[in-house]
Amino acid sequence: DTAVSQTPKYLVTQMGNDKSIKCEQNLGHDTMYWYKQDSKKFLKIMFSYNNKELIINETVPNRFSPKSPDKAHLNLHINSLELGDSAVYFCASSQAPTTEAFFGQGTRLTVV
Amino acid sequence: AQSVTQLDSQVPVFEEAPVELRCNYSSSVSVYLFWYVQYPNQGLQLLLKYLSGSTLVKGINGFEAEFNKSQTSFHLRKPSVHISDTAEYFCAVSQMGGSYIPTFGRGTSLIVHP
């Protein structure tokens, strides 16, 4: 069983479109994250979310929004896509006190 | 606030040679430390972690790291690398008692040549 799964794996779309990436974890973790990895492999935290608190990286444009229907899911919605949004997006989850994060396989988003 | 510096963006090495990937951090409070590996077109996978106790931590695939509080370092080592170790390696830190949002270094690309 895949611990953290995200769909789709690849997403190609035009500028201005709205898209969503889905993430599910079956580890029973309370906290989930979205990271953006740019072309230079730099990992940037976008959101951290648990059933009590959403922490947003203030540098993330408000075109990006996380939606959590339940504890096991954290989807990423992106409105009005721009060329600069092209990147690999990773979902992850963790459960204190072990604290390490478990990552999905990533979604490669290409905006054309 | 916390930060992580990986001093080398790329480390080329020959197969069966030893390797050290350097990581330094800064934090005003005690931290947890991690090394992750990312193989091409895959997600990140935990190699090892330091939470407390012994400063020498052993991980998967023969890797180990040593926590040095005075030098605020957590360098990753392997005595003999394989071609299959070619990957991107990330050091990460999170603050004890915080809301746990890990900060990642910029990554070090380990390239193992035959």
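Before going further, it helps to spend a moment on the sheet that holds strand β8 (residues 75-78) of chain A. Residues and elements named next belong to chain A. As summarised here, the arrangement of the 4 strands in space is β1-β3-β8-β7, forming an open sheet in which the pairing is antiparallel. Bordering the open sheet on either side are β1 (4-7) and β7 (64-67), each of which pairs with just one other strand. The average angle at which neighbouring strand axes cross in this sheet is 20 degrees, direction not considered. Of the strand pairs in this sheet, β7 and β8 are connected by 4 bridges, and their pairing is antiparallel. By the bridge assignment, Phe-64 is partnered in β8 with Ile-78.

By the definition in use, this model includes 2 disulfides over all chains. Across the disulfide, A:Cys23 is cross-linked to A:Cys91 (sulfur-sulfur distance 1.8 Å). One quick way to see it: the torsion about the S-S bond of A:Cys23 and A:Cys91 is about -75 degrees, and its sign makes the bridge left-handed. Within this pair, whereas A:Cys23 is found in strand β3 (residues 19-25), its partner A:Cys91 is found in strand β9 (residues 87-94), the two being separated by 68 residues in sequence. By the burial criterion, A:Cys23 is buried, and A:Cys91 matches it. The residue that forms a disulfide with B:Cys23 is B:Cys91, at a sulfur-sulfur distance of 1.9 Å. Its torsion about the S-S bond being -65 degrees, the disulfide of B:Cys23 and B:Cys91 is classed as left-handed. Taken as a pair, B:Cys23 in the loop between β3 (19-21) and β4 (24-27) and B:Cys91 in strand β10 (residues 87-95) lie far apart in primary sequence, 68 residues in all.

Definitions and cut-offs
- Residues numbered from 1 in each chain as written.
- Chains lettered and ligands numbered in written order.
- Predicted model: local features only at pLDDT ≥ 70, side-chain atom pairs only at ≥ 80, totals over all residues.
- Heavy atoms only, no water.
- Pairing = 2+ DSSP bridges.
- Helix = DSSP H or I, 4+ residues; strand = E, 2+ residues; numbered from the N terminus.
- Axes fitted to C-alpha atoms, helices over the stretch in contact; angles between N-to-C directions.
- Disulfide = S-S within 2.5 Å.
- Buried < 20%, exposed > 50% of the residue type's maximum accessible area, 1.4 Å probe, protein only.

Don't take any of this as a statement about function, it's just geometry.
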